[in-house]
Amino acid sequence: NKLASVLAFDLGASSGRALIGELVSGNGDELPKLKVTEIHRFPNDAIAVGSHLHWDILRLLQELKIAIRRAFQEGYEPQTFGIDTWGVDFGLLDSNGELLGNPYHYRDPQTEGVIEELAAAIGKESLYEQGGLQFMPFNTINQLYAMKKSGSPKLEAAQTLLLTPDLLTYFLTGAKVCEFTMATTTQLLSPLTQAWNVELMERLGIPSKLFLDPIKPGTRIAPLTAAVCTELDVPPIEAVAVATHDTESAIAAIPAKGDEPFAYIVSGTWSLLGSELHDPIVTPEAMSLDFSNEGGACDTYQLIKNIMGLWIIQECKREWEEQSSNLGFAELVELARQELPFRSLIQPDNRLFYAPGGMIGRIQDYCSKTNQPVPQTKGQIMRCVIESLSLRYRQVLGQLESLVGHTFSGLYMVGGGIQNELLCQFTADAIGRPVWTGPVEASAIGNMLLQLVSLGHCTDLKEARSVVATSFPGGVYLPSEEPAEIAQLEAAYERFNQLHF
Ligand code: ADP
Ligand code: LRH
């Protein structure tokens, strides 16, 4: 017996996908189950134009339209849809409601040096108290400040700023909104009052009129416009503001049970390591360890850190493909498995690894400059990155534990990156505790859950998470108990701790 049908769009920095979620009632006393079917998947690339990097936002809109049409052609009848995307990026609308230019990609080089400049002008402590975010170059505040400094005519003409998921929802429904979880990735929303920091905007010359009042995840927005319905030959299904920041959607789908605090990694282009709280922590300790307070679904705050993540592997793979290699992620991971352990290590969060292009050379340079064997083969490079990430996770988990004053009994991992079994196993080994894996498509599932909340089928996050636990069997990776392996790992971790950023 089908209780509900919803359509989720999940756009990551490497690919986008559309999935149908059908909630079906369980037998007898059993909880309802969510059945998920992928109906469309498409690549998402950064496009270089002149000295800038952009998203191809209209292409992405077109892919969403293809998926909406396909959903109905294939006989699914979603009642609502929701869009989640990567954080921080935005489009600007003019006074006629038209998009001003192609949105910048968050790795656009315009933000170089802006963190330091803003810290000098406003003070790092003050910025942290006001925005509660890790100092990442891509934070929306830095992008807007860079545009202001360069005298961007787009910024001057802009009437409204829409963060990426809100922009795509606007294209489809005509409704302009600002969803809360994405708003918290701007560094311009106060984590304490949840209001826009108008004073800070004014000081930086960022027009405060651009920002709409945030709405909470789970809010119904508006139906598809008549024009879109006619174009696609579909009924006017309604958009729901889900937890539109992909990381927050993924966290909503972590199958954590009970009320115990838990720690997690949302693993995709980035690795987001954090823990769920109800109030933000904007103390000097949180600032010095550089953790973000990101608004989550259902009145949560996530104390979380961005770790460079599988971006490094994506970039290596892209380079190998340019050299005519056609190995997929799974095959590259297999090559890594066959290599010697801990031969060379990198600090993944060194800024060296942030920009696109030339990743293999930069890894080799880093190893050479730190007097380690220089990885040459695909397997050696992959092994180096995977092991280094697992050691970085251990380091950051320790920092998180010191901030929240709790030792976690293990770590949840969700997202595309959990398909890298070596990474999951190395992480369990590195932290010496179990890794529990949840859904690969966690963001899309979390997106569906918030639609189900808005449709009245789930009351809260706890209930939504129990639907995930019953619908998708998780996995577990146990740490090695082999004394020789543990000793080798400890020695490697000591070496890792000496590496500079
Ligand atoms: P995003 O949402 O940021 O675009 P995903 O959650 O889709 O990212 O995760 C993409 C990452 O998952 C890739 O960078 C890759 O490292 C990893 N991945 C995907 N498929 C596999 C696979 N079959 N084996 C190992 N790793 C994989
Ligand atoms: C992951 C993510 C992350 C942000 C980054 C820009 O996809 O949303 O949470 O910090 O992209």
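Being a predicted model, the structure only gives us computed values, none of them experimental.

> Before we go on, may I ask you to explain the UniProt feature "domain: Carbohydrate kinase FGGY N-terminal" (unreviewed entry) in the protein in this structure?
Listed under "domain: Carbohydrate kinase FGGY N-terminal" (unreviewed entry) in the UniProt record, and renumbered for this structure, are residues 6-247. Span residues 6-247 is 33% helix and 26% strand, its end C-alpha atoms 20 Å apart.

> Just checking my understanding: could you explain the sheet that holds strand E14 (residues 271-277) for this structure?
Two modes of strand pairing occur in sheets, parallel and antiparallel, and in both the strands are linked by backbone hydrogen bonds. The mixed open sheet is built from 7 strands, whose spatial order is E15-E16-E14-E13-E17-E18-E19. Each edge of the open sheet is held by one strand with a lone partner, namely strand E15 (292-295) and strand E19 (475-477). Sheet twist, expressed as the mean angle between neighbouring strand axes with direction ignored, is 30°. Sheet topology note: the strand E18 (residues 435-437)/E19 ladder contains 3 bridges and is antiparallel. Bridge pairing in E19 links Thr 437 to Gly 475. Lying over the sheet, helix H15 (residues 378-404) contacts strand E13 (263-267), E14, strand E16 (301-307) and strand E17 (411-414), oriented at roughly 20° with respect to E14.

> In this structure, what is going on with the environment of Glu 74? I would like to understand it.
Take Glu 74: it is sitting in the loop between helix H1 (57-73) and strand E6 (80-85). Here Glu 74 falls in the exposed class, since 10 other C-beta atoms lie within 10 Å of it. Once the C-alpha coordinates of Glu 74 and Leu 212 are considered, the two residues, 138 residues apart in sequence, prove to be 37 Å apart.

> What should I look at first to understand the nonpolar core in this one?
One recurring pattern in soluble globular proteins is that nonpolar side chains are buried together. The biggest cluster of nonpolar side chains holds 137 residues, and the ones touching the most others in it are Tyr 264, Val 414 and Leu 449. In terms of residue count, H15 provides more of this core than any other element does, 11 residues in total. Filtering out sequence-adjacent residues up to four positions away, Tyr 264 remains in contact with Ile 251, Ile 254, Gly 274, Leu 411, Tyr 412, Met 413 and Val 414.

> Is there a simple way to explain unusual backbone geometry in this structure?
Outside of glycine, negative phi angles account for most residues, and trans bonds account for most peptide bonds. In the Ramachandran plot, Cys 298 falls in the positive-phi region, its phi being about 50° despite a non-glycine side chain. By the secondary structure assignment, Cys 298 is in the loop between E15 and E16. Phi is positive for Asn 371, close to 55°, though the residue is something other than glycine. With respect to the helices, strands and loops of the structure, Asn 371 is situated in the loop between helix H14 (359-369) and H15.

> Looking at this structure, I do not really get the site of ligand 2. What am I missing?
Neighbouring ligand 2 are 15 residues; Trp 86, Gly 87, Asp 246, Thr 247 and Trp 270 lie closest to it. Partitioned by chemical class, the residues of the shell around ligand 2 number 7 nonpolar, 7 polar and 1 charged.

> Can you help me understand the packing of helix H2 (residues 114-122) against helix H3 (residues 124-131) in this one?
Each pair of packed helices can be summarised by the angle the axes make with each other and by the distance between the axes. Orientation of H2 relative to H3, taken along the N-to-C sense of each, is 100°, at an axis distance of 7 Å. Put simply, H2 runs roughly perpendicular to H3. Across the interface between the two elements, Leu 118, Ala 119 and Ile 122 from H2 touch Lys 124, Ser 126 and Leu 127 from H3.

What counts as what
- In this convention, every chain numbers its residues from 1, walking through the sequence in written order.
- Here chains are named by letter from A upward and ligands by number from 1 upward, in the order in which they appear as written.
- A pLDDT threshold of at least 70 governs which residues receive local features in this predicted model, and a stricter bar of 80 or more applies before side-chain atom pairs are shown or counted, although totals over entire chains, interfaces and linings include all residues.
- UniProt positions are given in the numbering used here, feature names are shortened, and annotations may be inferred rather than shown by experiment.
- In this description a helix means any DSSP run of H or I spanning at least four residues, a strand means any run of E spanning at least two, and both kinds are numbered starting from the N terminus.
- Paired strands are those between which DSSP finds at least two bridges.
- To obtain each axis, a line is fitted to C-alpha atoms, and for helices this fit is confined to the stretch in contact; angles are then taken between N-to-C directions over 0 to 180 degrees.
- Two residues qualify as being in contact provided that their C-beta atoms, derived from the backbone, are within 7 Å of each other.
- Comment: burial labels come from other C-beta atoms within 10 Å of the residue's own C-beta, placed from the backbone, where a count of 20 or more is buried, 12 or fewer is exposed, and between is partly exposed.
- Any set of buried Ala, Val, Leu, Ile, Met, Phe, Trp, Tyr and Cys residues joined through C-beta atoms within 7 Å is what this text calls a nonpolar core.
- Contact assignment follows one rule, namely that a residue is near a molecule or strand if its backbone-placed C-beta atom lies within 6 Å of it.
- Residue polarity follows a fixed list, in which Ala, Val, Leu, Ile, Met, Phe, Trp, Tyr, Cys and Pro are nonpolar, Asp, Glu, Lys and Arg are charged, and the others, Gly among them, are polar.
- Here roughly perpendicular refers to angles of 65 to 115 degrees, roughly parallel to angles under 35, roughly antiparallel to angles over 145, and oblique to all remaining angles.

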